[in-house]
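# Architecture and fold: a report
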Amino acid sequence: MSQSKNNLISDIAEFLDIDEEVYGPHTVSSIGSDTTQIQSPDRKAESDEYDSHPEPVQAEEPAPAQDAKKPQMLGDKLGACKTLEELKILCEEADELRTDLDGTNLVFGVGNPKADLMLIGEAPGQEEDRQGEPFVGVAGQLLNKILAAINFERDDVYIANILKHRPPGNRNPNPDERIRSLPYLLRQIELIQPKIILCLGKVSGTTLLKKETTLKSLRGQFYPFHGTELTVTYHPAALLRNPHWKRPAWEDVQKVRQRYDELRCKP
Ligand code: URA
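Residues numbered from 1 in each chain as written. Predicted model: local features only at pLDDT ≥ 70, side-chain atom pairs only at ≥ 80, totals over all residues. Heavy atoms only, no water.

Another aspect to go through is the overall build of the chain. In terms of helices and strands, the chain carries 12 helices and eight strands. Here the chain, with 267 residues, has 39% of them falling under the buried criterion. By sequence separation, contacts in the chain at least 24 residues apart represent 68% of the contacts at least 6 residues apart. Of the accessible surface of the chain, which amounts to about 16500 Å², a share of 51% is contributed by carbon and sulfur atoms. (Helix = DSSP H or I, 4+ residues; strand = E, 2+ residues; numbered from the N terminus. Buried < 20%, exposed > 50% of the residue type's maximum accessible area, 1.4 Å probe, protein only. Contact = heavy atoms within 4.5 Å. Areas by Shrake-Rupley, 256 points an atom, 1.4 Å probe, with all protein chains shown as cover.)

Here it is in structure tokens:
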């Protein structure tokens, strides 16, 4: 035997002696053609941990690379909202729903979440922004009277707006603001599933019907809209300014009540 082999054997023997002193007597657990495993009982766990021939581990499915990096698309985020509460949280986080007026509150919508009649106005005004609820100012008081005249409590219906934040100076929502807000409103409509939508004013009617035309030419008809029927009448604020429109508005809401009863809507 060569000198170097002798040295190696004596090194191993010395190592085993020291090891036995520390961990107790060794057992030879298997002797194979190419491996001899020497175990001391107290190191079992350790040896398992450092098993040099582990069972093949099922490789984990790599997560699609894009999920980690790519921001979730708006359609996916909206689709993931299964309740109005979840949608409201998403709206609270959405900067794209804001106008260029700083510090406004979200005016999400109010009323019966299962309403068969949904009313959609244009955008919150100062009082709506302050209270976080649509149609609570002067126009809202007239709206309550209109609803009462056709036998609805405010709580029977659901009320929302095209915009969920107040525009500066109570100006009309601009086209860009309307486009940014629309997907959120459409998801809100999907979750409520009303049978009839009543648009209050030209901005609401033209935005939802995607038709740039006069209110006069839109009103008086029911349009199929995402599985519901949509109709348009004068905005209550316009009725306050121009009493001549009260008669046609009255005819419009009478038709809404009639259609509501025909469709056996509740309550
Ligand atoms: N006008 C609207 O269109 N919506 C409101 O909420 C208040 C006034």
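There is more to say after this.
For the structure on display, the rule yields 12 salt bridges. The salt bridge partner of R154 is E133, with a shortest N-O separation of 3.1 Å. Taken together, the residues span a long stretch of sequence, with R154 in the loop between helix 7 (138-149) and strand 5 (158-161) and E133 in the loop between helix 6 (126-131) and helix 7 at a distance of 21 residues. Overall, E133 belongs to the partly exposed group, its relative accessible area being 25%. One salt bridge connects R187 with E190, and the closest N-O pair in it is separated by 2.5 Å. Residue R187 and its partner E190 are located together in helix 8 (residues 175-192), separated by three residues, close to a single helical turn. With a relative accessible area of 14%, R187 lands in the buried category. (Salt bridge = Lys/Arg side-chain N within 4 Å of Asp/Glu carboxyl O.)

Our next topic: the site of the ligand. Every residue lining the ligand is accounted for by G121, E122, A123, P124, E128, P134, F135, N161 and H235. Measuring from a nitrogen atom of the ligand, one finds a backbone N or O atom of A123 at 3.1 Å. Note that an oxygen atom of the ligand is positioned 2.9 Å from one of the backbone N or O atoms of F135. Of the residues in the shell around the ligand, the class split is four nonpolar, three polar and two charged. (Near = heavy atom within 4 Å. Polar contact = N/O pair within 3.5 Å; in protein donor to acceptor, adjacent residues only side chain to side chain. Nonpolar A, V, L, I, M, F, W, Y, C, P; charged D, E, K, R; others polar.)

So, on to the sheet that holds strand 6 (residues 196-200). One open sheet holds the six strands; their spatial order is 3-5-4-6-8-7, and the pairing between them is mixed. The open sheet terminates on both sides in strands that have one partner only, identified here as strand 3 (110-111) and strand 7 (223-225). As paired strands, strand 4 (residues 117-121) and strand 5 are joined by four bridges and run parallel to one another. Residue pairing in the sheet places L119 in a bridge with I159 of strand 5. (Pairing = 2+ DSSP bridges.)

So, about helix 8. The end-to-end C-alpha separation of helix 8 is 25 Å, in line with the 26 Å expected for 18 residues at 1.5 Å each. At L182, helix 8 shows its maximal bend, which comes to roughly 40 degrees, and the proline P183 appears one to four places after that position. Residues of helix 8 that are buried include every one of E177, R178, S181, L182, Y184, L185, R187, Q188, I189 and I192, and no others. Two residues or fewer after helix 8 comes Q193, characterised by a positive phi angle close to 55 degrees. (Expected span 1.5 Å × (residues − 1). Bend = angle between axes of the 7 residues up to and from the residue.)

Per-residue pLDDT for the chain has a mean of 83; in total, 74% of the residues score no lower than 70. Taken together, the stretch residues 8-13 has pLDDT below 50 and engages in one contact with residues farther than four places along the chain or on a different chain. Low confidence marks residues 15-57, where pLDDT is under 50. Its contacts with residues over four positions away, or in another chain, come to 31 contacts. (pLDDT = per-residue confidence, 0-100.)

Our focus in this paragraph is the packing of helix 5 (residues 84-93) against helix 8. One way to put it is that helix 5 packs onto helix 8 with a least axis distance of 10 Å and a crossing angle of 170 degrees. When the axes of helix 5 and helix 8 are compared, the pair comes out roughly antiparallel. Contact residues: helix 5 offers L84, L87, L90 and C91, while helix 8 offers Y184, R187, Q188, L191 and I192. Here the contact of helix 5 with helix 8 is built from residues that sort into seven nonpolar, one polar and one charged. (Axes fitted to C-alpha atoms, helices over the stretch in contact; angles between N-to-C directions. Parallel < 35°, antiparallel > 145°, perpendicular 65-115°, else oblique.)

Before going further, it helps to examine the packing of aromatic side chains. Within this structure, the stated rule accounts for two aromatic pairs. Considering the side-chain rings of Y234 and W245, the 5.0 Å spacing of their centres and the 15 degrees angle between planes classify their relative orientation as stacked. Here Y234, found in the loop between strand 8 (228-233) and helix 11 (236-241), pairs with W245, found in the loop between helix 11 and helix 12 (246-262); they are 11 residues apart in sequence, far enough to count as distant. Taking the relative accessible area as the measure of exposure, Y234 reaches 9% and is therefore buried. Accessibility expressed as a relative area gives 34% for W245, which makes it partly exposed. Looking at K164, its charged tip hangs above the ring of F108, at a distance of 5.3 Å from the centre. (Phe/Tyr/Trp six-rings, centres within 6.5 Å; stacked < 30°, edge-to-face > 60°. Lys NZ or Arg CZ within 6 Å of the ring centre and 35° of its normal.)

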